[in-house]
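# Structure at a glance
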Amino acid sequence: MVEFFESIRIPLGRWVADAVEWMIANWSAFFSVVSWIFQSINELLQTILLTPPFWVWLLVFTLLGWWAKGWKLALGTFIGFSIVWGIDQWTNAMQSLSLVLLASAIAVLIGIPLGIWAARSKRASYTLRPILDFLQTMPAFVYLIPFVVLFSVGVVPAIVATILFAIAPAVRFTELGIKQVDKEVVESAYAFGATPRRVLFQVQLPLAKQTIMGGINQVIMLSLSMVVIAGMVGAGGLGADVVTALNRVNMSLGAEAGLSVVILAMFLDRVTGSRSGRHAQSDAAPRSLTDRLVKPIALIASLVLAFGWTIVGTVAGGSSATARDTIRIGVPSGWDEGIVMSNLAKVALEEQGYNVELQDAEVGVIFTGLAEGDFDLLMDGWLPITHADYVEKYGDRIEDLGVWYDNAKLTIAVNSDAPIQSLEELADNADVFNNEIIGIDAGAGLTQVTEDEVIPQYGLEGMDFKISSTATMLGALKGAMDSGDDIVVTLWSPHWAYDAFDIRDLEDPNEALGGAEEVHSFSRDGFSDEFPEIADMIRDLTLTDEQLYSLENYVLNEKEGKNLVGDTQAWLEDNPDVMDLFRVEQ
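What counts as what
- Residues numbered from 1 in each chain as written.
- Predicted model: local features only at pLDDT ≥ 70, side-chain atom pairs only at ≥ 80, totals over all residues.
- Heavy atoms only, no water.
- Helix = DSSP H or I, 4+ residues; strand = E, 2+ residues; numbered from the N terminus.
- Buried < 20%, exposed > 50% of the residue type's maximum accessible area, 1.4 Å probe, protein only.
- Contact = heavy atoms within 4.5 Å.
- Areas by Shrake-Rupley, 256 points an atom, 1.4 Å probe, with all protein chains shown as cover.
- Phe/Tyr/Trp six-rings, centres within 6.5 Å; stacked < 30°, edge-to-face > 60°.
- Salt bridge = Lys/Arg side-chain N within 4 Å of Asp/Glu carboxyl O.
- Core = buried A, V, L, I, M, F, W, Y, C linked by side-chain atoms within 4.5 Å.
- Expected span 1.5 Å × (residues − 1).
- Axes fitted to C-alpha atoms, helices over the stretch in contact; angles between N-to-C directions.
- Parallel < 35°, antiparallel > 145°, perpendicular 65-115°, else oblique.
- Left-handed = near helix turned anticlockwise from the far one by under 90°.
- Patch = residues over 30% accessible without salt bridge, like charges linked within 9 Å, V, L, I, M, F, W, Y side chains within 5 Å.
- Lys, Arg positive; Asp, Glu negative; His and termini not counted.
- Charge placed at Lys NZ, Arg CZ, Asp CG, Glu CD.
- Nonpolar A, V, L, I, M, F, W, Y, C, P; charged D, E, K, R; others polar.
- Pairing = 2+ DSSP bridges.
- pLDDT = per-residue confidence, 0-100.
- Polar contact = N/O pair within 3.5 Å; in protein donor to acceptor, adjacent residues only side chain to side chain.

## A short note on the overall build of the protein
When helices and strands are counted, the protein shows 25 helices and 9 strands. When the backbone C-alpha atoms are referred to their principal axes, the protein occupies close to 90 × 75 × 50 Å. Relative to its 586 residues, the protein shows a buried fraction of 48%. Long-range pairs, those at least 24 residues apart, make up 81% of the contacts in the protein between residues at least 6 apart in sequence. In the form shown here, the protein has an accessible surface area of approximately 27600 Å², with 58% of it arising from carbon and sulfur atoms.

Next up, the structure:
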């Protein structure tokens, strides 16, 4: 009997994967239309928020705070957003705000009618309740997986995932607000001949307005939290910097991006929260002339200034007449050689007249984006081991542009003063390292090799292999180095950690980790036909150990990765021989 139950395996994952594949095959046109609509609206919102100088929207936000709650919120708003500008997070904050506004608006437009339906129909309420429970309890990261497949990378999967993640409060609070309206009031309205429509719009919704506004407030807060998480799939904004800071254990960047998220969240919370409170008090206290006229007029005037500036700036700016078609390079989060090489390619190509956009995302997401045509280039693909699964899966829809570095390798590293030299000694000295091996992401090729080859070959089954993330591994490494503790981690070379910490690799006599790997550049299918001169340049590209280590050390260690493009440009000026490698022959 026990064996029977142990043999049962419900293939739920396979069913979901098959369903997604079926939707891609049959509804691709629908997804393309949805993607175009969301992308267009988001680009419009970003244009509105980013075209005027920062002080214009700073004025709008300050006046919005004054109108919503008074001079205290206005002062806090002015100080908060001035800080965002001062720490160079304004553009990221506005990109995140555009995503929040779009996703929240759609969630509210869908959620409130569903809430009304649930309030007026017990069957609808019973049907929606488990669905909303599912949407609220599903881990936020899981939402991203199917929508990356359906919509590829960028803002669209982030928007769709955010809508589903944030819609529940709009439905629940609307239903609750309507149900809390005094039944005698509703019956009185019907007794005087009101139709159900008039009862809804003239009695129930006005009396439930405060509760509904509370739901809208929660929708906005959930949207902001999800938009930050969506930085993992190339949504940009503050989420991209948060993910970057985690992957590099960059506390300064993390503090700046995190503080910007807090400021944006507090502003949105106070504005929407104060409006719900004001609705409840509007009939109880008379409003002054300032509240009735001065504040609205000042706010409207500032909005007119912002929109007018956007129109003038857009018309005057037009489009670049000299820039060629944009080349989109996917930057793999946490892969430092890929980060510096992507920025190196951007600087070198833009100096030759090309227009290059960089977008951070997880490496698996970038391979998916290459296959779907949403990225043009990936400068950091490891073969024959680490990224072999992605190349096997998408090989017929991507192009291998060759090897630019041939001395990459997977490693198991320890602090330099550790008492062992080889992986053969690790099992007998497991207690020295707290019986732990600190790993990185579950989907990484390094993790798979460690589980399938290193642990069984060296008898390490008794050690606790902690699969975490690159950020967690680096954080644990830094903590152990600061405290003088012994530690063993999975790592790879090239990596800035070898310059930042006093660590060394354990010998691998069985070659369980494999030999040296090659770092390839990959492109979407057809890139070589559209940009043959760039493809030829990349095929001939080769960097030495000294060049790559020098670039990583300068940009990521000495300059802490705060200005990747600017610092890469400065490094190139001191290394003109590398710039010559990126010269494109027309």
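## Looking at the packing of aromatic side chains
Centre distance and the angle of the planes are the two values used to describe a pair of aromatic rings. Going through the model one piece at a time under the given rule, you end up with 21 aromatic pairs. Plain terms: the ring middles of Trp57 and Phe307 are 6.4 Å apart, the flat faces sit at 85° to each other, and that makes the pair edge-to-face. Taken together, the residues span a long stretch of sequence, with Trp57 in helix H3 (residues 54–68) and Phe307 in helix H14 (residues 289–317) at a distance of 250 residues. Trp57 sits in the buried class, given a relative accessible area of 6%. Ring geometry for Trp404 versus Tyr405: centroids 6.0 Å apart, planes at 40°, classification tilted. Exposure remark for Tyr405: the relative accessible area of 1% places this residue in the buried category.

## A word on unusual backbone geometry
Cis geometry marks the peptide bond from Leu383 to Pro384, where omega comes out at 15°. Take Pro384: it is sitting in the loop between strand E3 (377–383) and helix H17 (388–394). One non-glycine residue with positive phi stands out, namely Asp88, at about 60°. Following the sequence through the fold, Asp88 ends up in the loop between helix H4 (71–86) and helix H5 (90–120). Even without being glycine, Asn434 reaches a positive phi, approximately 60°.

## Concerning the pattern of salt bridges
Scanning the model with the defined rule gives 16 salt bridges in all. Residue Arg524 is joined to Asp376 by a salt bridge in which the shortest nitrogen-to-oxygen separation is 2.4 Å. Separated by 148 residues along the polypeptide, Arg524 in strand E9 (residues 517–524) and Asp376 in the loop between helix H16 (363–372) and E3 bring together distant segments of the chain. On the basis of relative accessibility, which here comes to 10%, the residue Arg524 falls in the buried class. Look at Asp376 and you get buried, because its relative accessible area is 1%. A salt bridge links Arg539 to Asp536; the nearest nitrogen and oxygen atoms lie 3.1 Å apart. Remark: Asp536 and Arg539 occur in helix H22 (residues 532–539); sequence separation between them is 3 residues, near one turn of the helix. Among the charged side chains, a salt-bridge network with shared partners connects Arg328, Asp376, Arg524 and Glu530.

## Looking at the nonpolar core
Ranked by size, the top nonpolar core spans 179 residues in total, and within it Ile327, Leu344, Leu426, Ile534 and Phe582 carry the most contacts. With sequence-adjacent residues up to four places away left out, Ile327 is seen in contact with Tyr354, Asn355, Val356, Glu357, Asp376, Leu377, Phe527, Phe531 and Ile534.

## A few points about helix H23 (residues 545–558)
Helical periodicity: at 3.6 residues per turn, an α-helix aligns residues three or four positions apart in one direction. End to end, H23 covers 18 Å across 14 residues, agreeing with the expected 20 Å (1.5 Å per residue, within 8%). Every buried residue of H23 is listed here: Gln547, Leu548, Leu551, Glu552, Tyr554, Val555 and Leu556. Backbone geometry just downstream of H23 places Glu560 in the positive-phi region, at approximately 60°.

## A word on the packing of H5 against helix H11 (residues 209–229)
Geometry of a packed helix pair, given as the angle between the helix axes and the separation of the axes. The interhelical angle for the contact between H5 and H11, taken along N-to-C directions, is 135°, at an axis separation of 9 Å. Of the possible angle classes, the one that applies to H5 and H11 is oblique. Once H5 is placed against H11, the crossing between them reads as right-handed. In contact with Ser96, Leu99, Val100, Ala103, Ser104, Ala107, Val108 and Ile112 of H5, H11 contributes Ile212, Ile216, Val219, Ile220, Ser223, Leu224 and Val227.

## Side note on a negative patch on the surface
The grouping of Glu424, Glu425, Asp428 and Glu507 at the surface amounts to a negative patch. Inspection of the secondary structure puts Glu425 in the loop between strand E4 (398–415) and strand E5 (436–438).

## Examining the environment of Asp431
Inspection of the secondary structure puts Asp431 in the loop between E4 and E5. C-alpha of Asp431 to C-alpha of Ala361: the two residues are 70 residues apart in sequence and 37 Å apart in space.

## Re the packing of H5 against helix H8 (residues 155–179)
Between H5 and H8, whose axes approach to 6 Å, the crossing angle comes to 35°. H8 is crossed by H5, and the crossing has right-handed handedness. A per-class count over the contact of H5 with H8 returns 19 nonpolar, 4 polar and 2 charged.

## What about H16?
Of all 10 residues making up H16, 9 are buried, and the element is well covered by its neighbours. Downstream of H16 by a residue or two, Gly373 has a phi angle that is positive, lying close to 85°.

## Structural notes on the pairing of strand E7 (residues 488–493)
With 6 of 6 residues buried, E7 lies mostly within the body of the structure. Relative to E7, E4 is paired through 6 bridges, and the arrangement is antiparallel. When the bridges of E7 are listed, Ala413 appears paired with Val489.

## Focus: the pairing of strand E2 (residues 355–361)
Taken together, the 7 bridges between strand E1 (residues 326–332) and E2 define a ladder with parallel strand orientation. Paired with Arg328 across the bridge in E2 is Glu357.

## A short note on a nonpolar patch on the surface
A cluster of nonpolar side chains, Trp71, Leu75, Phe78, Ile79, Ile83, Leu259, Val262 and Met266, forms an exposed patch at the surface whose accessible area comes to about 750 Å². Secondary structure elements with two or more residues in the nonpolar patch: H4 and helix H13 (251–281). Per-element tally for the nonpolar patch: the top contributor is H4, with 5 residues.

## Considering the confidence of the model for the protein
Residue-level pLDDT values for the protein average 87, and 95% of them are 70 or greater. This model gives residues 278–283 a pLDDT under 50, and the stretch forms 7 contacts once residues within four places in sequence are excluded. Confidence over residues 319–324 falls short of pLDDT 50; this stretch has 9 contacts with residues more than four positions distant or in other chains.

## So, the side chain of His387
With respect to the secondary-structure elements, His387 resides in the loop between E3 and H17. One polar contact links the side chain of His387 to the main-chain amide nitrogen of Trp382, over a distance of 2.8 Å. Once you skip the residues sitting within four places of it in the chain, His387 turns out to touch Trp335, Val363, Phe367, Asp380, Gly381 and Trp382.

## Concerning the environment of Phe165
Following the sequence through the fold, Phe165 ends up in helix H8. In this structure Phe165 comes out as buried when scored by relative accessible area, which is 13%. Through-space distance from the C-alpha of Phe165 to that of Glu350 is 39 Å; in sequence the pair is 185 residues apart. When near neighbours in sequence (up to four residues on either side) are disregarded, Phe165 contacts Leu135, Met138, Ala140, Tyr143, Leu222, Ser225 and Met226.

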